[in-house]
Amino acid sequence: TAAGMCPKSESRKRASKKAPTSIVEDHGACGSSCGYCASSSSSSTIKANTFKSHGMQAHTLTVEDYQSLIDHGWRRSGSWVYKPSLNDTCCPPY
């Protein structure tokens, strides 16, 4: 190789490395039923849309982005990531 030039195999290795990327689909404000309300009430019916949160589907999520979300009060259930609306929800998780 010429002076200052990388062998082709090295340049291909560097070109193929990509920084990890998070891909999320924001669903905005969401409401769902709350299992706590049903268990604490005398009725066996679950109250609809009493648990309020902001949610998004995480298709891919880097470790750094996940940790930042957790540090800012977000929670995860599978690929669903959500932040409870503590002022609006029926049973705020403190």
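Keep in mind that what you see is a predicted model, and the values were worked out from it rather than measured. (Residues numbered from 1 in each chain as written. Predicted model: local features only at pLDDT ≥ 70, side-chain atom pairs only at ≥ 80, totals over all residues. Heavy atoms only, no water.)

**Student:** Any chance you could break down the environment of Ser77 for me, citing the residues and the numbers?
**Tutor:** For Ser77, the location among the structural elements is in strand E3 (residues 75–77). Residue classification places Ser77 among the partly exposed positions, given a relative accessible area of 47%. Separated by 20 residues in the primary sequence, Ser77 and Gln57 place their C-alpha atoms 9.9 Å from one another. (Helix = DSSP H or I, 4+ residues; strand = E, 2+ residues; numbered from the N terminus. Buried < 20%, exposed > 50% of the residue type's maximum accessible area, 1.4 Å probe, protein only.)

**Student:** Tell me about the pairing of strand E2 (residues 51–60), residues and numbers included.
**Tutor:** Of the strand pairs in this sheet, strand E1 (residues 23–32) and E2 are connected by nine bridges, and their pairing is antiparallel. Across the sheet, the residue bridging to Gly28 is Gly55, located in E2. Bridging between E2 and strand E4 (residues 80–84) involves five bridges; their strand directions are antiparallel. Bridged to Gly55 within E4 is Tyr82. (Pairing = 2+ DSSP bridges.)

**Student:** Please provide a residue-by-residue account of the environment of Phe51, values included.
**Tutor:** Structurally, Phe51 is set in strand E2. Note on Phe51: relative accessible area 15%, which makes it buried. Here the alpha-carbon distance between Phe51 and Ser33, two residues 18 residues apart in the chain, equals 5.9 Å.

**Student:** Could you give an account of the pairing of E4, naming the residues involved and the relevant values?
**Tutor:** The sheet contact formed by E3 and E4 spans three bridges and is antiparallel. By the bridge assignment, Arg75 is partnered in E4 with Tyr82. Between the end of E3 and the start of E4, which pair antiparallel, lie two residues, with Gly78 showing a positive phi angle near 65°.

**Student:** Outline the side chain of Thr50, listing residues and values.
**Tutor:** Within the fold, Thr50 resides in the loop between helix H2 (35–40) and E2. Setting aside residues up to four positions removed in sequence, Thr50 forms contacts with Ser32, Ser33, Cys34, Cys37, Asp88, Thr89 and Cys90. (Contact = heavy atoms within 4.5 Å.)

**Student:** Account for the side chain of Thr62, with residues named and values stated.
**Tutor:** Mapped onto the elements of the fold, Thr62 is located in the loop between E2 and helix H3 (63–71). Residue classification places Thr62 among the buried residues on the basis of a relative accessible area of 11%. Separated by 3.1 Å, the side chain of Thr62 and the backbone nitrogen of Asp65 make a polar contact. Non-local contacts of Thr62, meaning those with residues more than four positions away in its chain, are made with Pro20, Thr21 and Ser22. (Polar contact = N/O pair within 3.5 Å; in protein donor to acceptor, adjacent residues only side chain to side chain.)

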